[in-house]
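This is what each chain is made of:
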Amino acid sequence: MNKVFAVVGHPIEHSRSPELHHAFAEKLAIPLTYSKHLVPLDGFTQHVKAFFQTGGHGLNITVPFKEQAFALCDVLTERAKIAKAVNTLWMQNGTLHGDNTDGQGLVEAIQSLGWSLQNSKILILGAGGATRGVIYPLAAAGATEIVVANRTLERAEQLVQDLEQHVPHTRLRAVSLNALEGEFDLIINATSASLSGEALQLPAQLTFHHAYEMAYGKPSSFLEQAQQRHVPHSDGFGMLIGQAIESFYIWNGVKPKLADFLYLAPKA
Ligand code: NDP
């Protein structure tokens, strides 16, 4: 019998997770169905409970529900506990389990581009669920300094306070999105500004040598600005493949190879 999976978000139309999981399943001969669920902003918990009560096997969670998913779990992996955000859910012995595979997906995508994270200085724009998920894996991959810039400064400060004890060898600090300056090896856009069609303006006093946009499949003013500065840049499709591979592995016990699925990347 087909195992049943879905990705839950609001909005959700942009998600390519179903296509990826179906491609993994076909390649590895595992029968499954994977769909997109648009869930009302006040209906997340109810939706998750109903999904598993009716025999659902696993859920991916995207904007803006990852912190709610974290709060809902009975059992969490270490990296999900550190991130305080969950993008992968499954039931085991009647209890709800949660993991966060985003961070490892991002690290693998960046390394596959040939960009070194060793001794790097990184600026992350945004302090939501995705940023919480990537700090620990980026630090573990060798980042020596990570600056988190957010529109709502208090949210970035809270994130730094929560995570700094887990990354003792990395300098972690918070700044306002209005106060961007300095030189970074890598800038990562982890805001959802591009999903809502709003543009982020990167000031001239900010310099960076690589730019990674977590969103994918849509025009991004962040990537346009990187291109104008002749800086190597990438959208988040590699991260999507990476996190999907990790979720697939948790649910099915078999690990697809990232390189086998790069052909699914959106054409420029
Ligand atoms: P959250 O909703 O948890 O956080 C959104 C963040 O974006 C907050 O920091 C928010 O700031 C900021 N933000 C939203 N709108 C604006 C704006 N107009 N200007 C400036 N800042 C803004 O989202 P996630 O952290 O889960 O996801 C962030 C992005 O990463 C999304 O684009 C998502 O699609 C992408 N993503 C991609 C993945 C991939 O596999 N490629 C995996 C995970 C995420 P504030 O706190 O002030 O509201």
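Residues numbered from 1 in each chain as written. Predicted model: local features only at pLDDT ≥ 70, side-chain atom pairs only at ≥ 80, totals over all residues. Heavy atoms only, no water.

As a further point, take the domain arrangement of the protein. Domain assignment breaks the protein into domain 1 (3-100 + 238-264) and domain 2 (103-235). In total, about 1,700 Å² of surface goes out of reach between domain 1 and domain 2, with carbon and sulfur atoms giving 66% of it. The closest approach of N and O atoms between K84 and D162, which form a salt bridge, is 3.9 Å. Elements represented by at least two residues in the side of domain 1 that touches domain 2 include exactly α3 (66-72), α4 (78-83) and α9 (237-252). At six residues, the largest contribution of residues to the side of domain 1 that touches domain 2 is made by α9. Counted by class, the side of domain 1 that touches domain 2 contains six nonpolar, six polar and six charged residues. (Domains from an automatic or database assignment. Buried area = accessible area lost by both parts, 1.4 Å probe. Salt bridge = Lys/Arg side-chain N within 4 Å of Asp/Glu carboxyl O. Helix = DSSP H or I, 4+ residues; strand = E, 2+ residues; numbered from the N terminus. Nonpolar A, V, L, I, M, F, W, Y, C, P; charged D, E, K, R; others polar.)

The next subject is empty space enclosed by the protein. A probe matching the size of a water molecule, rolled over the atoms, marks out where space remains unfilled. If you walk through the whole model with that rule in mind, you get one cavity of 30 Å³ or more. By volume, the largest cavity is sized at about 40 Å³. If you go around the largest cavity, the residues you meet are R79, I82, A83, N100, R132, G133, Y136 and P137. Secondary structure elements with two or more residues in the lining of the largest cavity: α4 and α6 (129-140). The dominant element in the lining of the largest cavity, judged by the number of residues it contributes, is α6, at four residues. A per-class count over the lining of the largest cavity returns four nonpolar, two polar and two charged. No fewer than three residues from each of domain 1 (3-100 + 238-264) and domain 2 (103-235) sit in the lining of the largest cavity. (1 Å grid on protein atoms, 1.4 Å probe; cavity = no way out; pocket = protein on both sides within 12 Å on 5 of 7 lines; lining within 4 Å. Points joined across faces, edges and corners; volume = space filled by probe spheres on them.)

Moving on, we come to the packing of aromatic side chains. For any two aromatic rings, the description comes down to two numbers: the centre-to-centre distance and the angle of the planes. All told, the structure shown has eight aromatic pairs when counted by the stated rule. Note on F44 and F65: the rings are 4.9 Å apart at their centroids and 15° apart in plane angle, and the pair reads as stacked. One end of the pair, F44, is in helix α2 (residues 44-53); the other, F65, is in the loop between β3 (58-61) and α3, with 21 residues separating them in the sequence. With respect to burial, F44 and F65 carry one shared label: buried. Each ring, one from Y216 and one from F237, has its centre 5.9 Å from the other, and the planes form 70°; the classification is edge-to-face. A residue pair is termed long-range when its members are at least 10 positions apart, and Y216 in the loop between β13 (211-213) and α8 (221-228) and F237 in helix α9 qualify at 21 residues. (Phe/Tyr/Trp six-rings, centres within 6.5 Å; stacked < 30°, edge-to-face > 60°. Buried < 20%, exposed > 50% of the residue type's maximum accessible area, 1.4 Å probe, protein only.)

As a further point, take the sheet that holds strand β8 (residues 145-150). Strand order in this open sheet of six strands is β9-β8-β7-β11-β13-β14, and the pairing throughout is parallel. Taken across any chain shown, the strands that pair with only one partner, and hence form the sheet edges, are β9 (171-176) and β14 (233-234). By the bridge criterion, two bridges tie β13 to β14 in an arrangement that is parallel. Within β14, the residue paired with A211 across the bridge is H233. Contacting β7 (121-125), β8, β9 and β11 (186-189), α6 crosses the sheet at an angle of about 175° to β7. (Pairing = 2+ DSSP bridges. Contact = heavy atoms within 4.5 Å. Axes fitted to C-alpha atoms, helices over the stretch in contact; angles between N-to-C directions.)

So, on to the pattern of salt bridges. Scanning the model with the defined rule gives twelve salt bridges in all. Salt-bridge contacts for K36 lead to E13; the nearest nitrogen and oxygen are separated by 3.6 Å. Here K36 is found in strand β2 (residues 32-38), whereas its partner E13 is found in the loop between β1 (3-9) and α1 (17-28), with 23 residues between them in sequence. Of the residues examined, E13 reaches a relative accessible area of 64% and is grouped as exposed. Put simply, R79, D99, E246 and K255 are held in one network by salt bridges that share partners.

Let us look at the site of the ligand. Contacts to the ligand come from 27 residues, most closely from A127, A130, N150, T152 and M214. For the ligand, an oxygen atom lies 2.5 Å from a polar atom in the side chain of T152. Taking 930 Å² as the accessible area of the ligand by itself, protein coverage stands at 90%. Taken together, the elements giving at least two residues each to the shell around the ligand come down to α6 and α9. Here the element with the most residues in the shell around the ligand is α9; it accounts for three residues. Taken domain by domain, the shell around the ligand gets at least three of its residues from each of domain 1 (3-100 + 238-264) and domain 2 (103-235). (Near = heavy atom within 4 Å. Polar contact = N/O pair within 3.5 Å; in protein donor to acceptor, adjacent residues only side chain to side chain. Areas by Shrake-Rupley, 256 points an atom, 1.4 Å probe, with all protein chains shown as cover.)

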